[in-house]
Amino acid sequence: MKQFYYLLSFLILASCSSLKQAEKSMNSGDYVKAYDLLIDEYQKGLSAKKKEKFLPIFQNAYMKMVASQEAKIEHLKSAKNPAYTGDIYNTLVGLHHRQEQLRPFLPVYHKGKEMLFKTKNYLPAINQAKNDYVEYLYQASLKKLDSNNKQEIRSAHGDLRKIQSLSPGFRDVENLLDEAHYLGTDFVLIQIENRSNQLLPQRLEDDLTQISTYGLNNFWTEYHQKKQNDYQYDYLIRMDIEHIMVSPERMNSRQHEFEREIVDGWEYLYENGRKVLDSLGKPIKVDKVILVSARVEEVIQEKDALVQGKVDLINLANNQIIDTQKLNSEFGFKNHFAKFFGDRRALDDHMQKLTYNQFIPFPSHEQMVFDSGEEIKAQLKRLLKRRFK
């Protein structure tokens, strides 16, 4: 029961708060916000007592909202500026939507009398406004497509998408969308030059040029690994591999001797050749301590690779370098294991763990260089993220 009263109290407070916010919006001239607050409250349902105060404010907000929005439409129309067609259309749609929110509650009565909530059929005006807006967007997109500015062309693509949503199948919008996407796309060519005098594994070269694996797919950016004659490229990513170094395989070993006393079972306590008894007459048992030992050969396998170079991002419109990223990647192979001879129980915890490891064949030269490429990819990804968002 208490929960019910808490809920009721909360709803009353919330209702009062919405009413105060609506009155504040009314006083500031924001009739749309005031109406939206009040219709939302009205849809939730009000008690008869609450309606007494609520309905006159609600009626006033509705009337002023309609008047203000219709005045806005007339003002926009009087400017005779095609750029306002979108505002006119959206305002009419807003009026129609808010009127439809109210319609299920009509007629509304207050103190036994029907309250006046004038409604209007906005659909013809909406259809006309939509046609005007679509025509404006179409003509605007054609102008933008004629420009050499990719940002303008991408804006045209956005206009065409709006047309597509408002009027599917309108004229040649589908073809223009494809054209806008092509003209607005940055085409980027990737080239790798190996100046290291060392063999660059082919699979690493292929991997570095596979931009799709970097998670950098972008609607407005298309990467090519090989130059295609029917494309005009906007940017060149030129990677210069300057140094590739792989160290010799190294195996370092050292010997350890371990010795420790451990408990190995139990035995009876003797004194003068006889078992010692406790107070209950039972033989006393004591730990049997023995000395164990082991010899350990600890082995560390190591091999290192280093790849260095740089990547330049070149604007092909003027052949200027617009960004540079140093490439520096180190990859190290290391394996640590141990072989023991003797009693395992003599070993400490660290050496115990090492004895469970085993010798691992050293990775090849090619594999070491390839593994170094992961960090190069990460560095290249950071550069591309800065430039192609």
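Structure first, text after, so check above.
Below: a short report on this structure. Every chain's residues receive numbers from 1 upward, in the order its sequence appears when written. Local features are withheld for residues below a pLDDT of 70 in this predicted model, meaning they are given only at 70 or higher, and side-chain atom pairs are given and counted only at 80 or more; totals for whole chains, interfaces and linings count all residues. Excluding hydrogens and water, the side-chain figures rest on all heavy atoms present in the structure.

1. Here we look at the layout of surface pockets
And step 1. Using a grid of 1 Å spacing that covers the protein atoms alone, one calls a set of points a cavity when a 1.4 Å probe fits there but cannot get out, and a pocket when the set is open and has protein on both sides within 12 Å along at least five of seven lines; lining residues are those with an atom within 4 Å of a point. Grid points are joined across faces, edges and corners, and a volume is the space filled by probe spheres set on the points. The computed volume of the largest pocket comes to approximately 410 Å³.
And step 2. Taken together, 17 residues make up the lining of the largest pocket; nearest its centre are Asn-148, Lys-150, Leu-183, Gln-232 and Asp-234.
And step 3. Every helix listed is a DSSP run of H or I at least four residues long, and every strand listed is a run of E at least two residues long, numbered separately from the N terminus. Listed by contribution, the elements that provide at least two residues to the lining of the largest pocket are α6 (150-166), α7 (173-184) and β3 (186-194).

2. A closer look at the packing of α6 against α7
And step 1. As a rule, the C-alpha atoms of each element are fitted with a line to give its axis, helices using only the stretch in contact, and angles between N-to-C directions run from 0 to 180 degrees. With their axes 9 Å apart at the nearest point, α6 and α7 run at an angle of 155 degrees to one another. The orientation of α6 with respect to α7, classified from their angle, is roughly antiparallel. The element α6 and its partner α7 pack so that their crossing is left-handed. Taking contact as the criterion, the partners of Lys-150, Ile-153, Arg-154, His-157, Leu-160, Arg-161, Ile-163 and Gln-164 in α6 are, on α7, Val-173, Glu-174, Leu-176, Leu-177, Ala-180, His-181, Leu-183 and Gly-184.
And step 2. Here the nonpolar group is Ala, Val, Leu, Ile, Met, Phe, Trp, Tyr, Cys and Pro; Asp, Glu, Lys and Arg are the charged ones; every other residue, Gly included, is treated as polar. When its residues are assigned to classes, the contact of α6 with α7 shows eight nonpolar, four polar and four charged. By the definition adopted for this analysis, an angle is roughly parallel if under 35 degrees, roughly antiparallel if over 145, roughly perpendicular if from 65 to 115, and oblique otherwise. Take the far helix as the reference: if the near one is turned anticlockwise from it by less than a right angle, the crossing is left-handed, and if turned clockwise, right-handed. Contacts are residue-level and defined by heavy atoms, with any inter-residue pair within 4.5 Å sufficient.

3. Description of the packing of helix α5 (residues 123-145) against α6
And step 1. Where α5 contacts α6, the axes come no closer than 8 Å and their chain directions differ by 155 degrees. It follows that α5 is roughly antiparallel to α6 by the angle criterion. Viewed along their axes, α5 and α6 form a crossing whose handedness is left-handed. Across the interface between the two elements, Lys-130, Tyr-133, Val-134, Leu-137, Tyr-138, Ala-140, Ser-141, Lys-144 and Leu-145 of α5 pack against Glu-152, Ile-153, Ser-155, Ala-156, Asp-159, Leu-160, Lys-162, Ile-163 and Leu-166 of α6.

4. A few points about a positive patch on the surface
And step 1. Like-charged residues are merged into a patch within 9 Å and nonpolar side chains (Val, Leu, Ile, Met, Phe, Trp, Tyr) within 5 Å, provided each residue has over 30% relative accessible area and no salt bridge. Surface accessibility in these figures is a Shrake-Rupley result with a 1.4 Å probe; residues are shielded only by whichever protein chains are displayed. Salt bridge, as applied in this entry: a Lys or Arg side-chain nitrogen positioned within 4 Å of an Asp or Glu carboxyl oxygen. In this tally, Asp and Glu contribute negative charge and Lys and Arg positive charge; neither His nor the terminal groups of the chain are included. Where a charge lies is defined by one atom per residue type: Lys uses NZ, Arg uses CZ, Asp uses CG and Glu uses CD. Together, Lys-20, Lys-49, Lys-50 and Lys-53 give the surface a local cluster of positive charge.
And step 2. When residues in the positive patch are grouped by element, the largest group, three residues, is from helix α3 (residues 48-79).
And step 3. One can find Lys-53 in helix α3.
And step 4. On the basis of relative accessible area, Lys-53 is assigned to the exposed category, the value being 55%. Residue exposure (1.4 Å probe, protein chains only): buried if accessible area is under 20% of the type maximum, exposed if over 50%, otherwise partly exposed.

5. A look at the pattern of salt bridges
And step 1. In the structure shown here, the tally under the stated rule is 22 salt bridges.
And step 2. For Glu-135, the salt bridge goes to Arg-171, with nearest N and O atoms at 2.7 Å. Note that Glu-135 is positioned in helix α5 and Arg-171 in the loop between α6 and α7, a separation of 36 residues in sequence.
And step 3. When the shortest N-O distance is used, the salt bridge between Glu-366 and Arg-203 registers 3.2 Å. Residue Glu-366 is located in helix α10 (residues 365-387), and its partner Arg-203 is located in helix α8 (residues 202-209); the two are separated by 163 residues in the primary sequence.
And step 4. Among the residues examined, Glu-366 registers a relative accessible area of 39% and is labelled partly exposed.
And step 5. In this structure Arg-203 comes out as partly exposed when scored by relative accessible area, which is 35%.
And step 6. When salt bridges with common partners are traced through the structure, they connect Glu-193, Arg-195 and Asp-240 into a single cluster.

6. Some points on the side chain of Gln-325
And step 1. Within the fold, Gln-325 resides in strand β10 (residues 320-342).
And step 2. Not counting residues within four places of it along the chain, the set of residues in contact with Gln-325 comprises Lys-310, Val-311, Gln-379, Leu-383 and Arg-386.

7. As for helix α2 (residues 31-44)
And step 1. One less than the number of residues in a helix, times 1.5 Å, gives the span that helix is expected to have. Taking 1.5 Å per residue as the helical rise, α2 with its 14 residues ought to reach 20 Å, and the 20 Å between its terminal C-alpha atoms agrees with that figure.
And step 2. Listing the buried residues of α2 in full gives Val-32, Ala-34, Tyr-35, Leu-37, Leu-38, Ile-39, Glu-41 and Tyr-42.
And step 3. Looking one or two residues past α2, Gly-45 carries a phi angle of roughly 100 degrees, positive in sign.

8. Comments concerning the packing of aromatic side chains
And step 1. Two aromatic rings, drawn from Phe, Tyr or Trp (for Trp, its six-membered ring), form a pair once their centres lie within 6.5 Å of each other, and the interplanar angle then sorts them: stacked below 30 degrees, edge-to-face above 60, tilted otherwise. For the coordinates displayed, the defined rule picks out 19 aromatic pairs.
And step 2. Considering the side-chain rings of Tyr-35 and Phe-58, the 5.8 Å spacing of their centres and the 10 degrees angle between planes classify their relative orientation as stacked. With Tyr-35 in helix α2 and Phe-58 in helix α3, this residue pair connects regions lying 23 residues apart in the sequence. The residues Tyr-35 and Phe-58 share a single accessibility class, namely buried.
And step 3. On the numbers, 5.5 Å between centres and 55 degrees between planes, the contact of Tyr-62 with Phe-117 is tilted. Of the two residues, Tyr-62 is situated in helix α3 and Phe-117 in the loop between β2 (113-114) and α5; the sequence distance between them amounts to 55 residues. For the pair formed by Tyr-62 and Phe-117, the shared burial category is buried.
And step 4. Through a chain of ring-to-ring contacts, the aromatic side chains of Tyr-35, Tyr-42, Phe-54, Phe-58, Tyr-62, Phe-105 and Phe-117 assemble into a single cluster.
And step 5. Any Lys NZ or Arg CZ found within 6 Å of a ring centre and within 35 degrees of that ring's normal is scored as a charge over the ring. Across from the ring centre of Tyr-138, 4.9 Å away, lies the NZ or CZ of Arg-171, which sits over that ring.
And step 6. Taking NZ or CZ as reference, Arg-203 lies 4.1 Å from the ring centre of Phe-370, over its face.

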